Structure formats: structure tokens, C-alpha cells
Amino acid sequence: MSLTAGIVGLPNVGKSTLFNAITKKNILAANYPFATIDPNVGIVTVPDERLGVLEEMYLPEDVIPTSFEFRDIAGLVKGASLGEGLGNKFLSHIREVDAICEVVRCFDDDEIIHVENSVDPKRDIEIINLELTLADLEVVDNRLGKVEKKALTTKDKESLAELNILTKVKDALLKGIPARRLEYTNEEALIMKSFHLLTMKPVIYLANIRETDINKPNMYVDIVKDLARVDGSEVIEMCAKIESELSELNDDDKAVFLHELGIKESGLDRLIKATYNLLGLSTFFTCGPKEVKAWTFKKGTKAPACAGIIHSDFERGFIRAEVISYEDLIACGGEKGAREKGRMRLEGKEYIMQDGDICHFRFNV
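All figures in this text were calculated on a predicted structure; none of them were measured in a lab.

(A) Focus on the overall build of the protein chain. If you tally the helices and strands in the protein chain, you get 14 helices and twelve strands. Across the 365 residues of the protein chain, 50% fall into the buried class. In the protein chain, 68% of the contacts between residues at least 6 apart in sequence involve partners at least 24 apart. Surface accessibility of the protein chain: about 18400 Å² in total, with carbon and sulfur atoms responsible for 50%.

Shown next, in the form of C-alpha cells:
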């Protein structure tokens, strides 16, 4: 299951520096707007300490973590919805991602130019929110113009339903309320999904701080947290410079460096976990002597659909799933012990997969 997060923000807030660090790619990071013209795509593995434990237990030939896709999207400026800067190109790139990771500058530095000539997280966030809102209003208005006449003249049920929800969303957007804050029925959610509204996407704020501000109070970060709280969003503090240095270290040296900084885990690790939670994602495992592999699935997914993530034939010919929870596997010392203690379960087509399930799928095509 692929997952894409777009790293966005105003120019020169640390987006490309952060992207370079987390993907270990040498993407241009320059001290001027629009150093990034096209969205750069990088794949990073999802850290999961359970994989190391499973590797020791199964001694496989290969260990394959699940992956996460980041896109570094060119900096936005005022008027993007009207074509300023990279304008519509920027906005179209955001429509393609599942979640938005918005980098906000939370440090002063006279040597790094700010496109608005001062550091003000509240203003920066409001600029981006306004541009996304204006872009969504254009989409909603265009569709309303097409569906309103049909709905009112034919009284078509589907057209009326679409008219009602679009009107509701437009009213919210005009008040500065992002579409994601509204409540939707299942029918309304299905209608809205096709429009790929920018303000419908979940957001995580990345507060980019200086190395000297780690584990210290920061008034800029407090401002970001206050704004995020209203939106029900999460804020992750990270220093792009530190992440860049961490990306060059092996696991042992990385652990020592983090300990010296008084940090338990890197900003990237926290970002991935936060995004997983934001999108309602979980992980199941397939284990054996050939490989131990992690797979991403949406919470609430049934066993056949999860089997289909591995291969479509697994879903089409699904018979049952042999399942052991990760906790039971460890407590019983392996699959043999889990079987002997009755911890291995046979689950059918209605079983809802749980995070950490170790599965053997049985199928017949």
C-alpha cells in the first residue's frame, strides 16, 4: 500500500534541507525561492523495531520494511491560487498526496532570507491556508455551476445530494474553515472524495527549529501548536540541520548522537509514526525462512483485502488466514510455541486485521 506525504511550506523554511536529510538525496537546497521546481520524490523505510525481533526469531534471508513516500513540493507564495510563483503547478502537486506535512520556520537567522522578510509562523500558516482555501473554492464553484441547474430542474436525487454538500463546503470555506473540519455522512464523504480538495487533506505541522533550541522553550513553536490545536493537527519539532547530520550516520552512531542531544528518536521517525496515525494506517507481517516483510494496511481492513495487498490472487482465492499477534508470538517464543499454546488462530473472510498480526494466507485460485 503506497502512502505519499507532500512536504510544503513557504520558500526558505527548510523544506528541501529536510527532504535531503530524510531521503539522503542531494536535491538542490538553495537560499532563494523556487530552488525546487518539480516535486522531488524520495522513498524512506518505515522504522519498526519489531522487524529486528522477528529477524532474530526467523533468521530469514532478507528483511523488508514497508516504505513511505515523500514529495518535496516547490515553495508557495501569496497569490499561488491566482498563478503567482509556481501557482497552479504547486497546487496540482499537492492534490496528488495523501497528507500534507507543512514546514514552518521557527527560528531567527538574518543570513537566511524569508520571503516575507520576517519570521512569523502564524502569518506563514495563514498564507498557505488561504491559498489552499481559494484553490478549493474555485473547484467547488466550478462544480456548483454545473450541478445546480440540473439539481433544481430535474430534482435528481444524486444531483441534489451533491448540491447540498458542495454548498455546505463552500459556506465553510468562505468562513476560512477547511473542508477537513466538517462532519460528513458516508454518502457525503464519497461525493467529496472525487474532488481531491486541498483543505480536505490531513495536516501535520513540522516546526523547524535551530540546533541550540532543542529541548528548550520556543515562542514560535508555541504559536504553531496553538494554531494546530484548533485544527486538531499534530506538531512535530525537528531541526533540519540535525536531521541532515543524522542521515549520514550508521545506526549505532545515530543512537549515540541522539542520546547526547537528549532526544529519544529522530524527527523523521516521529514524522512517520505521526503520519501513520494521521492516516489510520497499521502494519502486518509475513514471516518465514526466506523473508520477513512488513506490509501497510488501513485500519478496519478485512483479511482478504490485506491478502490482496500481497497479491491479487491471494484476495481472489482467499480461504483463511493463520494469524498470531506479535505479542503472542514473542510471549510464546515463536510459532511452534504459539501453536502449542493455542495462540495461532484461523480467521475467515470477516476478520478485521490488527496491527502487528503475523499472517500466513491460505488461498486457492
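Read on, since the account is not over.
(B) Summary view of the packing of helix α4 (residues 121-154) against helix α5 (residues 157-174). The contact between α4 and α5 brings their axes to 9 Å, and the two run at 150°. Taken together, the axes of α4 and α5 lie roughly antiparallel to each other. Both α4 and α5 take part in a crossing whose hand is left-handed. Along its contact with α4, which presents Thr133, Asp136, Leu137, Val140, Asp141, Arg143, Leu144, Val147, Glu148, Lys150, Ala151 and Leu152, the element α5 presents Ser159, Leu160, Glu162, Leu163, Leu166, Thr167, Val169, Lys170, Leu173 and Leu174. Classifying every residue of the contact of α4 with α5 by side-chain character gives twelve nonpolar, three polar and seven charged.

(C) Fine view of a negative patch on the surface. Taken together, the side chains of Glu55, Glu56, Glu61 and Asp62 present a region of like negative charge at the surface. One can find Glu55 in helix α2 (residues 49-58). The class for Glu55 is partly exposed, based on a relative accessible area of 39%.

(D) Structural context of the sheet that holds strand β5 (residues 99-105). Here we have six strands laid out as an open sheet, ordered β2-β4-β1-β5-β6-β7, and mixed in their pairing. Edge positions in the sheet fall to β2 (40-45) and β7 (234-238), since each has one partner strand and no second. Neighbour-to-neighbour, the strand axes of this sheet turn through a mean angle of 25°, independent of strand direction. As paired elements, strand β6 (residues 203-208) and β7 share five bridges and run parallel to each other. Bridge pairing links Ala207 to Glu237 in β7. Set on the sheet, α4 makes contact with β5 and β6; between it and β5 the angle comes to about 145°.

(E) How the structure looks around helix α10 (residues 267-278). When the terminal C-alpha atoms of α10 are compared, their 16 Å separation across twelve residues agrees well with the 16 Å that a helix rising 1.5 Å per residue should span. When α10 is considered as a whole, its buried residues turn out to be Gly267, Leu268, Asp269, Leu271, Ile272, Ala274, Thr275 and Tyr276. Gly280 sits one or two residues past α10 and shows a positive phi near 65°.

(F) Inspection of the packing of aromatic side chains at higher detail. What the rule picks out here adds up to five aromatic pairs. Judged by centre distance (5.9 Å) and plane angle (50°), the rings of Phe284 and Phe297 are tilted. One end of the pair, Phe284, is in strand β8 (residues 281-287); the other, Phe297, is in strand β9 (residues 291-298), and 13 residues separate them in sequence. In this structure an aromatic cluster arises from ring pairing among Phe284, Trp295, Phe297, Phe318 and Phe361. Just above the ring of Tyr326 sits the side chain of Arg50; from NZ or CZ to the centre is 5.9 Å. Note that Arg105 overlies the ring of Phe107, its terminal NZ or CZ placed 4.7 Å from the centroid.

Rules of the game
Residues numbered from 1 in each chain as written. Predicted model: local features only at pLDDT ≥ 70, side-chain atom pairs only at ≥ 80, totals over all residues. Heavy atoms only, no water. Helix = DSSP H or I, 4+ residues; strand = E, 2+ residues; numbered from the N terminus. Buried < 20%, exposed > 50% of the residue type's maximum accessible area, 1.4 Å probe, protein only. Contact = heavy atoms within 4.5 Å. Areas by Shrake-Rupley, 256 points an atom, 1.4 Å probe, with all protein chains shown as cover. Axes fitted to C-alpha atoms, helices over the stretch in contact; angles between N-to-C directions. Parallel < 35°, antiparallel > 145°, perpendicular 65-115°, else oblique. Left-handed = near helix turned anticlockwise from the far one by under 90°. Nonpolar A, V, L, I, M, F, W, Y, C, P; charged D, E, K, R; others polar. Patch = residues over 30% accessible without salt bridge, like charges linked within 9 Å, V, L, I, M, F, W, Y side chains within 5 Å. Salt bridge = Lys/Arg side-chain N within 4 Å of Asp/Glu carboxyl O. Lys, Arg positive; Asp, Glu negative; His and termini not counted. Charge placed at Lys NZ, Arg CZ, Asp CG, Glu CD. Pairing = 2+ DSSP bridges. Expected span 1.5 Å × (residues − 1). Phe/Tyr/Trp six-rings, centres within 6.5 Å; stacked < 30°, edge-to-face > 60°. Lys NZ or Arg CZ within 6 Å of the ring centre and 35° of its normal.

From the geometry alone we can't say anything about function, so treat these as descriptive.
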